[in-house]
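A look at the structure
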Protein chains: 2
Amino acid sequence: MVHINDNFTKLPSAYLFSDIARKVEAFAASHPGEKIIRMGIGDVTRPICPAASEALHRATADESEAATFRGYGPEQGYGFLREAIAEGDYRSRGIEVSADEIFVSDGAKSDTGNIGDILASDTRVAMTDPVYPVYIDTNVMAGRAGTLGSDGRWSRIIYLPVTAGNGFVPSLPSERPDVIYLCFPNNPTGTVLTRSQLKVWVDYALREGSLILFDAAYEAFVSSPEVPRSIYEIEGARRVAIEFRSFSKTAGFTGLRCGYTVIPRELCGLAADGSEVSLHRLWLRRQTTKFNGASYLTQRAAEAIYSEEGRRQVAETIAYYKHNASTLLTSLREAGLEAYGGTDSPYIWLRTPDGMTSWGFFDMLLERCRVVGTPGCGFGPSGEGYLRLTAFATHEATAEAASRIAALRL
Amino acid sequence: MVHINDNFTKLPSAYLFSDIARKVEAFAASHPGEKIIRMGIGDVTRPICPAASEALHRATADESEAATFRGYGPEQGYGFLREAIAEGDYRSRGIEVSADEIFVSDGAKSDTGNIGDILASDTRVAMTDPVYPVYIDTNVMAGRAGTLGSDGRWSRIIYLPVTAGNGFVPSLPSERPDVIYLCFPNNPTGTVLTRSQLKVWVDYALREGSLILFDAAYEAFVSSPEVPRSIYEIEGARRVAIEFRSFSKTAGFTGLRCGYTVIPRELCGLAADGSEVSLHRLWLRRQTTKFNGASYLTQRAAEAIYSEEGRRQVAETIAYYKHNASTLLTSLREAGLEAYGGTDSPYIWLRTPDGMTSWGFFDMLLERCRVVGTPGCGFGPSGEGYLRLTAFATHEATAEAASRIAALRL
């Protein structure tokens, strides 16, 4: 019998969101007819914008005629989209990123999950805690996490707590990591780093030779002027950082699947013989070998959101969600709850009342308010005592959820 | 500086198809206005069928309205598609595969590339030679291939030659592999195994405890009654085989991106502690962690090809390509060339004339016929002395290419 990758057996039995789905399903089954407001999983609810919709119809027409049919595209994405991204997300904001440094994919989850393929198997990894579970789980699968302790911490992971205690600004690690995962605006806390706070990390990486994996999936929600939308706004970041972006939360492409990864040309890693190797070249090789490009239709839809109408329409959707976040933040704080995030982010991070556990608060919100959140402890040990709510519901459902929670009089 | 996955440095510098693209580009630039017939890369040219096109327009409409919008879908694919596949590709043909054993993805290249994630890093791998380069390259990246010898063979790969010498039927290996990659109808040779020939491999795997990775991407081209379309037609295969399928060649989805992988519930691997672990469960964990599902639009299009009209339309496209294969086979043989495959496959495998090398023949066909093939040596050492032509061009271009080659009077 074939031997398996034994690292998989170290993973706790199920994925956070599957656990939640099962709980909610059971509750719904035993409470038929009751309206459950789902603010757990970070999925959007607004339809894709008209510009994207029109692009999909046009691209479908392309695929339906021999003269315009497109088969395999470039694995790193079509030039039309990479150019639109380079101009729309970077050059127009004064940031140096060229089209050939962009790798279009089927989503940031795939990219942040697969990036480890190009790194040494004994890489020491640091990440903020709480954190998007994909970073942890993929490092467990790759054998980089060590063993899971009874405190919920993996022995080889360097944890960077972000909690109310440090104002959600992680401190530099005492031990040097090879790789540092940073996600800002942060998932799950919804908090941000200012330019000067992020600069501390870029400077550290430059000094220590660490690689920053910067997940900017939520950058579209940034409105505070002191908060960067890209790590490349920070001087020197091109020599230390890979940036991941997504069309999921901005353009509502969670169902269409599109994201991209930026690897600057000058970013290098070290081979065993001591030579410097371009990480761009390694990722290109990984992608051309194990990936065949994102759907042509999806790429046309993504291109369309960089048009004038596309931009305007996407901005409306973001404003819609930001309005929800603001509603939640205001109501929950008025109700006496400690709530964070929600300003430059679609996530609200709630402190559980009365020292309640995350799952305890989750159960209470589900049972008494019919509101589904995500227990903070599911994102890591430092998430215990918190719960995440998302701003992706409708205005009506969001207001309803906020008033149901406020009525608890916690 | 971060240490890289050093296995990447062992890979020869470029991917086969990129090399070809560069050569053809250079030739086209120096011969403007000349019509080059591209029969190199295995990409389709016929548009997607009307049933798929209509499904894409409908799915676009779904995504464009809040009431019907779909965000994240199940990572393993929507039930509507997995049910259609289970019924259309298996149960209706008397093969036992259930919907929950099917994992829908963005393509067979991703799946055959990523499957190694769930296997031990020291897995001994066997594969037919010549072979789809993705199998080799992904095993090199995972550190399973050993070192590349001057004969073009990797030290830890067990090669199973398929050549004219053995009638393109691989012999059982003398050394036991943990994993055996089989692709039939074969890429690149276009040859097939009959049910009894494939049974030899299933029996071997049952006896030796090997895992067969069966790539059935070209099954739609099978018309010979003695040739299986699925490895699960062979008794016992559910206990030893994973099957990969693609909508690329059947439904023309090379641009839309869709494939699927079947892992039977009873298929197991061995953990370090000696316990048996379900490979289905491991792959589910891999996919839920590193993948977020194929595009909803693509999945609706894939579902549509299982409708009555969809089936009929796809069958017409397959017949179109099969007619091309037949044209090529007949003309090339009449011209005195040794040609294989092309009956249950869209690929023709040509013996180079006069002991010419693969690249020599490639250059000659490009320069004298303006026809692009793929040098057989690009698929492995046993491919030297062969060249692959595809049946994916138009009837007109295929007939033109066949007559240009025949006119060489080789």
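Every chain is numbered independently, its residues counted from 1 as its sequence is written. To label them, take the chains in the order written and letter them from A, then take the ligands in the order written and number them from 1. With pLDDT at 70 or above as the cut-off, local features in this predicted model cover only qualifying residues; side-chain atom pairs require 80 or more to be listed or tallied, and sums for whole chains, interfaces and linings still use all residues. For side-chain calculations, the full set of non-hydrogen atoms in the structure is used, while hydrogens and water are omitted.

Describing the UniProt feature "binding site: substrate" (unreviewed entry) in chain A
UniProt marks Tyr15, Gly42, Lys109, Tyr132, Asn187, Asn292 and Arg388 of chain A with the feature "binding site: substrate" (unreviewed entry), using the numbering shown here. Turning to its location among the elements, Asn187 of chain A is positioned in the loop between β5 (179-183) and α6 (195-208). Every residue pair with non-hydrogen atoms within 4.5 Å of one another is taken to be in contact. Among residues more than four places away in sequence, those in contact with Asn187 of chain A are Val131, Tyr132, Tyr218, Tyr347, Phe379 and Arg388 of chain A. Its location among the elements puts Asn292 of chain A in the loop between α8 (279-290) and α9 (296-304). Relative accessibility decides the category of a residue: with a 1.4 Å probe and only protein chains considered, values under 20% of the type maximum give buried, values over 50% give exposed, and everything between is partly exposed. On the basis of relative accessible area, Asn292 of chain A is assigned to the buried category, the value being 9%. Apart from residues no more than four positions distant in its own chain, Asn292 of chain A is found in contact with Tyr72, Gly73 and Glu75 of chain A together with Lys109 and Arg257 of chain B. UniProt positions are given in the numbering used here, feature names are shortened, and annotations may be inferred rather than shown by experiment. Think of it this way: any DSSP run of H or I at least four residues long counts as a helix, any run of E at least two long counts as a strand, and we number them from the N terminus.

Section: the domain arrangement of chain A
Residue and element names in this part refer to chain A. Throughout, the edges of the domains are those of an automatic or database domain assignment. When its domains are assigned, chain A resolves into domain 1 (6-47 + 309-406) and domain 2 (53-307). Each of domain 1 and domain 2 has a C-alpha centre, and these two points are 24 Å apart. Each partner contributes to the interface: domain 1 provides 37 residues, whereas domain 2 provides 49 residues. Accessible area, probed at 1.4 Å, shrinks when two parts are joined; the buried area is that loss added up over both. Taken together, both faces of the contact between domain 1 and domain 2 bury some 3,300 Å²; the carbon and sulfur share is 61%. Polar contacts, as counted here, are pairs of nitrogen or oxygen atoms within 3.5 Å of one another; within protein the pair requires one atom able to donate a hydrogen and one able to accept it, and residues that are adjacent in sequence qualify only if both atoms are side-chain atoms. Taken together, domain 1 and domain 2 are joined by 17 residue pairs in polar contact (both at pLDDT 80 or more). Looking at the side of domain 1 that touches domain 2, the elements with two or more residues in it are α10 (308-334), β11 (339-341), β12 (347-351) and β15 (386-390). Broken down by element, the residue count for the side of domain 1 that touches domain 2 peaks at seven residues, all from α10. Considered class by class, the residues forming the side of domain 1 that touches domain 2 number 17 nonpolar, 12 polar and eight charged. Each residue receives one of three labels: charged for Asp, Glu, Lys and Arg, nonpolar for Ala, Val, Leu, Ile, Met, Phe, Trp, Tyr, Cys and Pro, and polar for the others, Gly being one of them.

Observations regarding the environment of Arg207 of chain A
Counting through the fold element by element, Arg207 of chain A comes out in helix α6. It is 44 Å that separates the C-alpha atoms of Arg207 of chain A and Glu334 of chain A, two residues lying 127 residues apart in sequence.

A look at α8 of chain A
What a helix should span is 1.5 Å times the count of its residues minus one. The first and last C-alpha atoms of α8 of chain A sit 16 Å apart over 12 residues, in line with the 16 Å expected at 1.5 Å per residue. With a side-chain oxygen positioned 3.2 Å from the backbone nitrogen of His280 of chain A, the residue opening α8 of chain A is Ser278 of chain A.

Description of the pattern of salt bridges
Where charged atoms from two side chains of opposite charge approach closely, those side chains can pair. Residue and element names in this part refer to chain B. Throughout this description, the term salt bridge denotes a Lys or Arg side-chain nitrogen within 4 Å of a carboxyl oxygen of Asp or Glu. One pass over the structure, following the stated rule, counts 50 salt bridges over all chains. Salt-bridge contacts for Arg91 lead to Glu83; the nearest nitrogen and oxygen are separated by 3.5 Å. Look at Arg91 and you get partly exposed, because its relative accessible area is 37%. For Glu83, a relative accessible area of 43% translates into the label partly exposed. Taking the shortest distance from any N to any O, the salt bridge between Glu219 and Arg245 comes out at 3.4 Å. With Glu219 in the loop between β6 (211-215) and β7 (241-246) and Arg245 in strand β7, this pair connects stretches of sequence that are 26 residues apart. A residue is classified by how much of its surface remains accessible, and Glu219, at 6% relative accessible area, is buried. For Arg245, a relative accessible area of 1% corresponds to the buried category.

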